[in-house]
Amino acid sequence: MRHLLISLLLIPTAFAVGFVLAWVVLFIVNALLPPFRPEDDDTWREFVPVALAYGTWAATTLGGIILAWRRELQARTVRSS
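Residues numbered from 1 in each chain as written. Predicted model: local features only at pLDDT ≥ 70, side-chain atom pairs only at ≥ 80, totals over all residues. Heavy atoms only, no water.

A short note on the packing of aromatic side chains
Next up, step 1: This model, assessed by the stated rule, comprises five aromatic pairs.
Next up, step 2: Ring plane angle 50 degrees and centroid distance 5.1 Å describe the contact between Phe15 and Trp57, whose orientation is recorded as tilted. Of this pair, Phe15 sits in helix H1 (residues 2-32) while Trp57 sits in helix H2 (residues 44-80), placing them 42 residues apart in sequence.
Next up, step 3: Aromatic ring contacts, followed pair by pair, group Phe15, Phe19, Trp23, Phe27, Tyr54 and Trp57 into a single cluster. (Phe/Tyr/Trp six-rings, centres within 6.5 Å; stacked < 30°, edge-to-face > 60°. Helix = DSSP H or I, 4+ residues; strand = E, 2+ residues; numbered from the N terminus.)

The structure is reproduced here in structure tokens:
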């Protein structure tokens, strides 16, 4: 039961860490790119930072889900043997 609880806690933790990392990526990319101008609306300059931030968030959350899943499978293997 303890392994399951730890595995289930990994998912919201990965979600929160991914959210923070997404903000960090967004700030870094916006610092590297030139200042946003109104004529940049609906261009790559607007979409790339957001896509990188969401990608970071999704990858971190997915990594947490995979880690929790592998941890649970490993715990089941140890219990069954």
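Some details on the pattern of salt bridges
Next up, step 1: Within the structure shown, the criterion is met by one salt bridge.
Next up, step 2: Of the charged contacts in the structure, one is a salt bridge between Glu72 and Arg76, with a shortest N-O distance of 3.7 Å. Placement of both Glu72 and Arg76 in helix H2 is noted, with a separation of four residues, approximately one turn of the helix.
Next up, step 3: Accessibility expressed as a relative area gives 11% for Glu72, which makes it buried. (Salt bridge = Lys/Arg side-chain N within 4 Å of Asp/Glu carboxyl O. Buried < 20%, exposed > 50% of the residue type's maximum accessible area, 1.4 Å probe, protein only.)

A look at the packing of H1 against H2
Next up, step 1: Relative orientation of the contacting elements H1 and H2 amounts to 160 degrees, with a least axis distance of 8 Å. In terms of axis orientation, H1 runs roughly antiparallel to H2. Taken as a pair, H1 and H2 cross one another with a handedness that is right-handed.
Next up, step 2: For the contact of H1 with H2, the class distribution of residues is 22 nonpolar, eight polar and three charged. (Axes fitted to C-alpha atoms, helices over the stretch in contact; angles between N-to-C directions. Parallel < 35°, antiparallel > 145°, perpendicular 65-115°, else oblique. Left-handed = near helix turned anticlockwise from the far one by under 90°. Nonpolar A, V, L, I, M, F, W, Y, C, P; charged D, E, K, R; others polar.)

Some remarks on the environment of Arg45
Next up, step 1: Among the structural elements, Arg45 can be located in helix H2.
Next up, step 2: Between the C-alpha atom of Arg45 and that of Leu33, which follows or precedes it by twelve residues, the distance is 8.1 Å.
Next up, step 3: The residues contacting Arg45, other than those within four sequence positions of it, are Asn30, Leu33, Pro34, Pro35, Phe36 and Asp40. (Contact = heavy atoms within 4.5 Å.)

Brief notes about a nonpolar patch on the surface
Next up, step 1: Nonpolar side chains collect at one region of the surface, where Phe19, Val20, Trp23, Val24, Phe27, Ile28 and Leu32 lie side by side and expose about 720 Å² of accessible area between them.
Next up, step 2: Relative to the helices and strands, Phe27 is located in helix H1.
Next up, step 3: By relative accessible area, which is 54% here, Phe27 ends up exposed. (Patch = residues over 30% accessible without salt bridge, like charges linked within 9 Å, V, L, I, M, F, W, Y side chains within 5 Å. Areas by Shrake-Rupley, 256 points an atom, 1.4 Å probe, with all protein chains shown as cover.)

Observations regarding H1
Next up, step 1: Relative to the 45 Å expected for 31 residues at 1.5 Å per residue, H1 spans 44 Å between its end C-alpha atoms, a close match to the ideal helical length.
Next up, step 2: Restricting attention to buried positions, one finds in H1 the residues Ser7, Ala14, Gly18, Ala22, Leu26 and Val29.
Next up, step 3: Looking at the packing, one finds that the buried side of H1 touches H2. (Expected span 1.5 Å × (residues − 1).)

Points about the side chain of Ser7
Next up, step 1: Relative to the assigned elements, Ser7 resides in helix H1.
Next up, step 2: On the accessibility criterion, Ser7 (4% relative accessible area) is buried.
Next up, step 3: What Ser7 contacts, discounting residues up to four positions off in sequence, is Ala68, Arg71 and Glu72.

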